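Secondary and tertiary structure notes
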Amino acid sequence: MNYTRQDYEDAVSLIRSRISIQPTIGLVLGSGLGGLANAIDHAVSIPYEDIPGFPQSTVQGHHGRLVIGELEGKTVLCQQGRTHFYEGYSMAQVTFAIRVMYFLGIETVILTNAAGGINAEFRAGDIMLINDHINLIGMVGNNPLMGWNDDSIGPRFPSMTQTYDRRLRDLTHQVAQHYQIPLQEGVYMGLSGPSFETPAEVRMIRMLGGDAVGMSTVNEVLVARHAGMRVLAFSSITNVGIDQLDTETETNHEEVLEVGRVIVPRLTMLIRGVLQRL
Ligand code: HPA
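Let us look at the structure shown here. Please read all numbers here as calculations on a predicted model, not as lab measurements.

Rules of the game
- Residues numbered from 1 in each chain as written.
- Predicted model: local features only at pLDDT ≥ 70, side-chain atom pairs only at ≥ 80, totals over all residues.
- Heavy atoms only, no water.
- Phe/Tyr/Trp six-rings, centres within 6.5 Å; stacked < 30°, edge-to-face > 60°.
- Buried < 20%, exposed > 50% of the residue type's maximum accessible area, 1.4 Å probe, protein only.
- Core = buried A, V, L, I, M, F, W, Y, C linked by side-chain atoms within 4.5 Å.
- Helix = DSSP H or I, 4+ residues; strand = E, 2+ residues; numbered from the N terminus.
- Contact = heavy atoms within 4.5 Å.
- Near = heavy atom within 4 Å.
- Polar contact = N/O pair within 3.5 Å; in protein donor to acceptor, adjacent residues only side chain to side chain.
- Areas by Shrake-Rupley, 256 points an atom, 1.4 Å probe, with all protein chains shown as cover.
- Axes fitted to C-alpha atoms, helices over the stretch in contact; angles between N-to-C directions.
- Parallel < 35°, antiparallel > 145°, perpendicular 65-115°, else oblique.
- Left-handed = near helix turned anticlockwise from the far one by under 90°.
- Nonpolar A, V, L, I, M, F, W, Y, C, P; charged D, E, K, R; others polar.
- Arc of directions from axis to C-beta.
- Pairing = 2+ DSSP bridges.
- Salt bridge = Lys/Arg side-chain N within 4 Å of Asp/Glu carboxyl O.

Some details on the packing of aromatic side chains
- Overall, the coordinates contain 7 aromatic pairs when judged by the stated rule.
- Ring geometry for Tyr 48 versus Phe 54: centroids 4.4 Å apart, planes at 25°, classification stacked.
- Judged by its relative accessible area of 1%, Tyr 48 falls in the buried class.
- Here the aromatic rings of Tyr 102 and Phe 103 are separated by 5.1 Å at their centres, their planes lie at 70°, and the arrangement is edge-to-face.
- For Tyr 102, a relative accessible area of 24% puts it in the partly exposed group.
- Among the residues examined, Phe 103 registers a relative accessible area of 17% and is labelled buried.
- Taken together, the ring pairs in this structure connect Tyr 3, Tyr 8, Tyr 48, Phe 54, Phe 96, Tyr 102 and Phe 103 into an aromatic cluster.

Quick notes on the nonpolar core
- Residues Ile 15, Leu 66 and Ile 98 are the most contacted members of the largest nonpolar core, which totals 45 residues.
- Looking at this core, the elements that each hand over two or more residues are α1 (5–18), β3 (65–71), α3 (96–104), β5 (108–117), β6 (127–135), α7 (218–226) and β9 (230–240).
- Looking at this core, the element that brings in the most residues is α3, giving 7 residues.
- Non-local contacts of Ile 98, meaning those with residues more than four positions away in its chain, are made with Val 28, Val 109, Leu 111, Glu 220, Val 223, Ala 224 and Met 229.
- If you look at the next biggest cluster of nonpolar residues, it comprises 31 residues, including Ala 37, Val 259, Ile 263 and Val 274.

Let's talk about the site of the ligand
- Near the ligand the following residues occur: Ala 114, Ala 115, Gly 116, Phe 196, Glu 197, Val 213, Gly 214, Met 215, Thr 238, Asn 239 and Val 256.
- Ala 114 has a polar backbone atom sitting 3.3 Å from a nitrogen atom of the ligand.
- Here Asn 239 contributes a side-chain N or O atom positioned 2.7 Å from a nitrogen atom of the ligand.
- Relative to its free-state accessible area of 260 Å², the ligand is covered by the protein chains to the extent of 95%.
- Every element with two or more residues in the shell around the ligand is listed here: β5, β8 (212–214) and β9.

Some remarks on the packing of α1 against α3
- Direction vectors running N to C along α1 and α3 enclose 70°, while the axes themselves pass 9 Å from each other. Here α1 lies roughly perpendicular to α3, going by the angle between them. Where α1 crosses over α3, the handedness of that crossing is right-handed. Across the interface between the two elements, Arg 5, Asp 7, Tyr 8, Ala 11, Val 12, Ile 15 and Arg 16 of α1 pack against Phe 96, Arg 99, Val 100, Phe 103 and Leu 104 of α3.
- Looking at the contact of α1 with α3, its residues break down into 8 nonpolar, no polar and 4 charged.

A short note on helix α6 (residues 199–208)
- Burial in α6 covers these residues: Pro 199, Val 202 and Ile 205. Take α6 and look down its axis: the buried residues cluster within an arc of 120°, on one side only.
- Residues of α6 that are buried sit in contact with β7 (184–190) and β8.
- Within two residues after α6, Gly 209 carries a phi angle of roughly 105°, on the positive side.

Comments concerning the pairing of strand β4 (residues 74–80)
- Burial runs high along β4: 6 of the 7 residues are buried.
- Bridge count for strand β1 (residues 25–29) against β4 is 5 bridges, and the pairing is parallel. Counterpart to Val 28 in the pairing with β4 is Gln 79.
- Bridge count between β3 and β4: 7 bridges; the pairing is antiparallel. Note on β4: the bridge partner recorded for Arg 65 is Gln 80.
- The antiparallel pairing of β3 with β4 creates a hairpin that spans 2 residues between the two strands, and Glu 72 there sits at a positive phi of about 50°.

As for the pattern of salt bridges
- Following the criterion strictly, the structure yields 7 salt bridges and no others.
- Residue Arg 18 is joined to Asp 50 by a salt bridge in which the shortest nitrogen-to-oxygen separation is 3.2 Å. Placement of the pair is Arg 18 in helix α1 and Asp 50 in the loop between β2 (41–47) and β3, with a sequence separation of 32 residues.
- Exposure remark for Arg 18: the relative accessible area of 38% places this residue in the partly exposed category.
- Assessed through its relative accessible area of 30%, Asp 50 is described here as partly exposed.
- Among the ionic pairs, Glu 220 bridges to Arg 82, the shortest N-O distance being 2.9 Å.

As structure tokens, then:
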């Protein structure tokens, strides 16, 4: 499944027909983090099924709608629930919403996800500011920028040296300090899932320099950066990766959703604080 420029424009037309504001910031809400959309004022919601070309979320804990409105005086378009590669969607489909944001004129994207903690210092309930990523799915041939390149959107070989915007990260640290919200920072390793990692894989990811691991985000970030959008991203550490054989505990999706909900108020404060300072 691939898209043409017309497909993005059709989705943009439908969205524009329902809203009267120009959104400037995109927000992507990950597993268990959908509650963040409740903070949006004067919200208009558009179910994905109303938008031509928009893939539907099939995963529990993901709503399937855009919520457009105001947050801290900024106009935001929030993707409440995303789609993943493991759902069987193509890379073009999992990044469709980001391209639609680009064609809507959005210049900054804030992404959130649920992730497993790999750094031995991390605990379930922590928030990690992503400062870099390792695109493990991309390295084995699943990069959303593969195929025909539309040069009017971005270059064939986009640089990824400065992927997670320095100024936005600095602002986030200021906000965290101001509200005394503990904030971890590190490298997100993107895998396809849906199976969680084996203990040997957890040890491998740690050895390769990953601080957190998850099944989303990197694809969306690549498409956003390709188009020159600024990116800020957070992982909610919903569990810690189990690195030893024969451990009784197991990672499960219910735990991911439950801890995600506990993190929402702190993550909302951080994002509100950043928006205020933009
Ligand atoms: N691994 C991969 N993805 C995840 C995890 C995990 O442990 N927790 C939440 N998303």
